[in-house]
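The primary structure of each chain is shown beneath.
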Amino acid sequence: MTMVNATVNTSSSNDRSCIGFYAILFVVTATTIAKTASEFPLFPFQADSLEWNSNWLIATVIDYYGACLCFCGIVFKSEDNWIRGSLWCLGFCVLGSPICCVWMLIFLWKHGADSLSLSPNQRSHQQLH
């Protein structure tokens, strides 16, 4: 009985850690984009301004890595082991969207497009297990 409770507590602790991580990631990315947009409006486009360009470049990089880390969470749960998931995520972060596309192509080839969508019944069933 104690072992079952320890497993349940670990799972909820992992869930809280993931929720906390993604909540912080949301705050960082949303704050960065909102601050940049308020200080350096996207329109009118200021291609000749070094300050405008560098601030939007930084915001875009933070935005990319925010999306990339969200995608990495899906990949970690989808891969068979953490080493393979880590290597994919390293590829996403270092080499960018072409590697994300390769992972998606391989995933779709192996599992089909239906594996990307969970109906409400499947979500409820997975939460029970």
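Residues numbered from 1 in each chain as written. Predicted model: local features only at pLDDT ≥ 70, side-chain atom pairs only at ≥ 80, totals over all residues. Heavy atoms only, no water.

Description of the pattern of salt bridges
Okay, step 1: Per the counting criterion, the structure on display carries 3 salt bridges.
Okay, step 2: Ionic pairing is found between E39 and K35, a salt bridge with its closest N-O pair at 3.5 Å. Of the two residues, E39 and K35 are both situated in helix α1 (residues 2-39); the distance of 4 residues between them amounts to about one turn of the helix.
Okay, step 3: Judged by its relative accessible area of 45%, E39 is partly exposed.
Okay, step 4: Where E79 meets R84, a salt bridge forms, and the shortest distance between an N and an O atom there is 4.0 Å.
Okay, step 5: Using a relative accessible area of 17% as the deciding quantity, one classes E79 as buried.
Okay, step 6: We classify R84 as partly exposed; its relative accessible area is 36%.
Okay, step 7: Residues participating in the shared-partner salt-bridge network are E79, D80 and R84. (Salt bridge = Lys/Arg side-chain N within 4 Å of Asp/Glu carboxyl O. Helix = DSSP H or I, 4+ residues; strand = E, 2+ residues; numbered from the N terminus. Buried < 20%, exposed > 50% of the residue type's maximum accessible area, 1.4 Å probe, protein only.)

Overview of helix α4 (residues 97-111)
Okay, step 1: The end-to-end C-alpha distance of α4, which contains 15 residues, comes to 21 Å, matching closely the 21 Å that a straight helix rising 1.5 Å per residue would cover.
Okay, step 2: Listed in full, the buried residues belonging to α4 are C100, W103 and F107. Axial view of α4: buried residues confined to an arc of 60 degrees, hence all on one face. Among the exposed residues of α4, those oriented more than 90 degrees off its buried face are P98, L105 and W109.
Okay, step 3: G112, located one to two residues past α4, shows a positive phi value of around 85 degrees. (Expected span 1.5 Å × (residues − 1). Arc of directions from axis to C-beta.)

Brief notes about unusual backbone geometry
Okay, step 1: A cis geometry characterises the amide bond from F43 onward to P44, with omega recorded as 5 degrees.
Okay, step 2: For P44, the location among the structural elements is in the loop between α1 and α2 (50-78).

Section: the side chain of T36
Okay, step 1: Within the fold, T36 resides in helix α1.
Okay, step 2: When near neighbours in sequence (up to four residues on either side) are disregarded, T36 contacts P41, N55, W56 and A59. (Contact = heavy atoms within 4.5 Å.)

Structural notes on α2
Okay, step 1: Helix length check: α2 (29 residues) gives 42 Å between terminal C-alpha atoms against 42 Å at 1.5 Å per residue, within 8%.
Okay, step 2: Of all the residues in α2, the buried ones are W52, W56, A59, G66, C68, F71, C72 and V75.

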